[in-house]
Amino acid sequence: MVIRTARLDLIAATAEHLRAEDNPQLLGELLQAEVPEGWPPGSYDRDAIDFFLAKAIEGGEAVIGWYAWYAVRRPVAGERASLVAAVGYFGPPSGDGTVEIGYSVVPSARNQGYATEAAEALTRRALALPGVERVTAEAHDTNVSSIRALLRCGFRRTGPGREEGHSRYERRRFNSTG
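Sequence order as written defines the numbering, with residues in each chain counted from 1. In keeping with the model being predicted, local features are shown solely for residues with a pLDDT of at least 70 and side-chain atom pairs are shown and tallied solely at 80 or more, while totals for entire chains, interfaces and linings include all residues. Here the side-chain values reflect all heavy atoms present in the structure, with hydrogen atoms and water set aside.

## Digging into the packing of aromatic side chains
Under the convention used in this document: In this scheme Phe, Tyr and Trp rings, the latter by its six-membered ring, pair at centre separations within 6.5 Å, and the angle between planes marks the pair as stacked below 30 degrees, edge-to-face above 60, and tilted otherwise. Note on conventions: DSSP H or I runs of at least 4 residues are helices, E runs of at least 2 residues are strands, and numbering of each starts at the N terminus. Here the term buried applies to any residue with accessible area under 20% of the maximum for its type, exposed to any over 50%, and partly exposed to those in between, with areas from a 1.4 Å probe on protein chains only.
For the coordinates displayed, the defined rule picks out seven aromatic pairs. Pairing phenylalanine 51 with tyrosine 67 gives two aromatic rings, centres 5.9 Å apart and planes at 75°, and the pair type is edge-to-face. Of the two residues, phenylalanine 51 sits in helix 3 (residues 46-59) while tyrosine 67 sits in the loop between helix 3 and strand 3 (68-73), which places them 16 residues apart along the sequence. For phenylalanine 51, a relative accessible area of 35% puts it in the partly exposed group. Relative to tyrosine 67, the ring of phenylalanine 52 has its centre 6.1 Å away and its plane inclined at 55°; by these criteria the two rings are tilted. Note that phenylalanine 52 is positioned in helix 3 and tyrosine 67 in the loop between helix 3 and strand 3, a separation of 15 residues in sequence. Taken as a pair, phenylalanine 52 and tyrosine 67 share a single burial class, namely buried. Members of the aromatic cluster, connected to one another through ring pairs, are Trp39, Tyr44, Phe51, Phe52, Tyr67 and Tyr70.

By themselves, these are just geometric observations and shouldn't be taken as functional.
In structure tokens:
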């Protein structure tokens, strides 16, 4: 499963992809992209990878697309395709129609609009599906880039997040731009 945006191919992670996370060469081959030094980025850490792998194994084909995605920048100016971010959902919609997204961009690709582009694509995908009423995300109050990305995607701050110093943001189906 792939979502194409202006510059990115968002590739839904399978169990095979997630198992390859410990081998950047293999992961790169599977994604047909360069895996940057220091992968995985930020909050997409070993615990997140293990969580997504467990969900992929447990749910099989039915859950592909509801957890981790890889944001691959398509080739530009003679460069190879490059893995720029880990993005995704925290799972299928909850009973009240809520889907939560998250993203973590590699340091060398930050402040280039990739988080905004990927978050918008995931949000539009979710809001286009039956039963999804809102998409939420959380950001640390000092993470200006992440907050800016959410605001550009039409999210509004709705209150404190689950962790100290984080805020929760939401975009509802009715205020969706697409």
